[in-house]
Amino acid sequence: MRNALGLMLASVVAAIVIAGGWYFYSARADQGAPKTTAARAADALPAQAKLAAKDDVETTAAIAGKPAAAAAAASPAPAPAVAPVQQANCSNPNALGVSRVVEIDTTGGPGFGFEQYKQFDFLTDKEVVLTFDDGPWPVNTPAVLKALADECTKGLFFSVGKHATYHPEILRQVLAQGHTVGAHTWSHVNLAGKKMTEQQAKDEIEKGFSAVKWALGTNPSPFFRFPQLSQSPALVSYLGTRNLGIFSTDLDSFDFRKESTPDKIVSNVMTKLDKLGKGIILMHDFQKRTGEALPTLLARLKAGGYKVVQIKAKTNFDSLPEYDEAILRELKVPASSSATNARPVSSVVQTVSQR
């Protein structure tokens, strides 16, 4: 009897010990293992917090399940991509655009374009500057403007003074669309010609700028290009005294040649550009074939990884009053009307009734 009681008591103690040990082991195991409800903890977060957590994972490319703070410390957010400097209202998401805007201080008359000037190499690999001479001209200049607008990119225009007085409304469109406007003399004469005196050449330069100013209703940018790229040391020095930046070119499209076609223009530019790797491109918005070639050329530039640099000036050009007056006399415009000329058409003439 006593032996049976002792055996029963020993069995109870053993059962208690076994149960206690099992309970202790289970509790420790539960503490060490992740609970199945932990994977659903996000369900308790507000919708805004869940979105933020999702965005953080996508932005930092963190491994799923890593806490946001640890992910940020281990893998910093990537640097933002450099987007093209395009017009705010650009509707073409794949546009060539403008990759960089440079501002030029024209003090002393710096020269640009390696065909004649070797000092200022401001373009990096695969960068181009689009320049256009001899406009404005009906049909042709608007065609160039449309091609540029379709690709949300910008050019530098060197206007002939006479043409500016013929078609001021077109030149104002050039400026209104954000392009830079300089001058290309009054009548596109060769300033280094044998019969050209130094004073006549200066008159051509100054009168050209005053004509562009009259057409725009404001001072143009202090940028100048010699017709036919024909210059003289004396005139280069003179432009320096007038603080005019001089533009030559790196590659000529030869769009002015009689045998030129839109396809040849594109081929000329791309062949030279692929060889040089970058450059200031000389074209003419005076030529019909240039406007026809430009959409294809801009597409080729984009496909080739080229980027457009827009040129702006630190200051505007200050024309000389005597040449401003000479333009008014040339156009037989009363001096008192010059202020009126600066007003947009919509502020002078408005439709009040239409059938």
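For every chain, the first residue of the written sequence is number 1, and numbering continues from 1 onward in sequence order. Totals for whole chains, interfaces and linings use every residue, but because this is a predicted model, local features are given only for residues with pLDDT of at least 70 and side-chain atom pairs only at 80 or more, for both listing and counting. In computing side-chain properties, one takes all heavy atoms of the structure into account and sets aside hydrogens as well as water.

Draft legend 1. Quick peek at the pattern of salt bridges. By salt bridge we mean one thing: a side-chain nitrogen of Lys or Arg within 4 Å of a carboxyl oxygen of Asp or Glu. Applying the stated criterion to the full structure yields nine salt bridges. Note that K146 is salt-bridged to D150, the shortest N-O span being 2.8 Å. Within this pair, K146 and its partner D150 are both found in helix α4 (residues 140–150), separated by four residues, close to a single helical turn. Residue class for K146 comes out exposed when judged on its relative accessible area of 53%. D324 is the salt-bridge partner of K213, the closest N and O atoms lying 3.1 Å from each other. Here K213, found in helix α7 (residues 198–216), pairs with D324, found in helix α11 (residues 321–330); they are 111 residues apart in sequence, far enough to count as distant. Put simply, DSSP H or I for four residues or longer makes a helix, DSSP E for two residues or longer makes a strand, and each gets a number counted from the N terminus. Burial status follows relative accessibility: with a 1.4 Å probe on protein chains alone, a residue under 20% of its type maximum counts as buried, one over 50% as exposed, and anything between as partly exposed.

Draft legend 2. Highlighting the nonpolar core. Residues belong to one nonpolar core when they are buried, are Ala, Val, Leu, Ile, Met, Phe, Trp, Tyr or Cys, and are joined through side-chain atoms within 4.5 Å. Counting residues in each nonpolar core, the largest one holds 50 residues, and the members touching the most others are L130, I205, L294 and L301. Here this core takes eight residues from α7, the largest share from any one element. Should any heavy atoms of two residues lie within 4.5 Å, those residues are considered in contact. With residues up to four places along the chain from it excluded, the contact list for L130 reads L148, T153, K154, G155, L156, I281, M283, L298, L301 and V308.

Draft legend 3. Seen up close, the environment of P138. As for its placement among the helices and strands, P138 is situated in the loop between β3 (127–133) and α4. Under the relative-accessibility criterion, P138 is labelled partly exposed at 31%. For the pair P138 and E169, spaced 31 residues apart in sequence, the C-alpha separation works out to 9.9 Å. Here P138 is in contact with H167 and I170, once residues within four sequence places are set aside.

Draft legend 4. Quick look at the pairing of strand β4 (residues 156–159). In β4, alternate side chains face the same way, and those of L156 and F158 on one face and F157 and S159 on the other are all buried. Strands pair, by our definition, only if DSSP identifies at least two bridges between them. Pairing of β3 with β4 involves three bridges; the strand directions are parallel. When the bridges of β4 are listed, F132 appears paired with F157. A crossover gets the label right-handed when its path from the first strand over the helix to the second runs clockwise, viewed with the strands pointing away from the viewer. Remark: the β3/α4/β4 crossover connection has right-handed handedness. In this sheet, strand β5 (residues 180–183) lies alongside β4 in parallel orientation, the contact comprising four bridges. Each bridged residue has a counterpart across the sheet, and for F158 the counterpart in β5 is G182.

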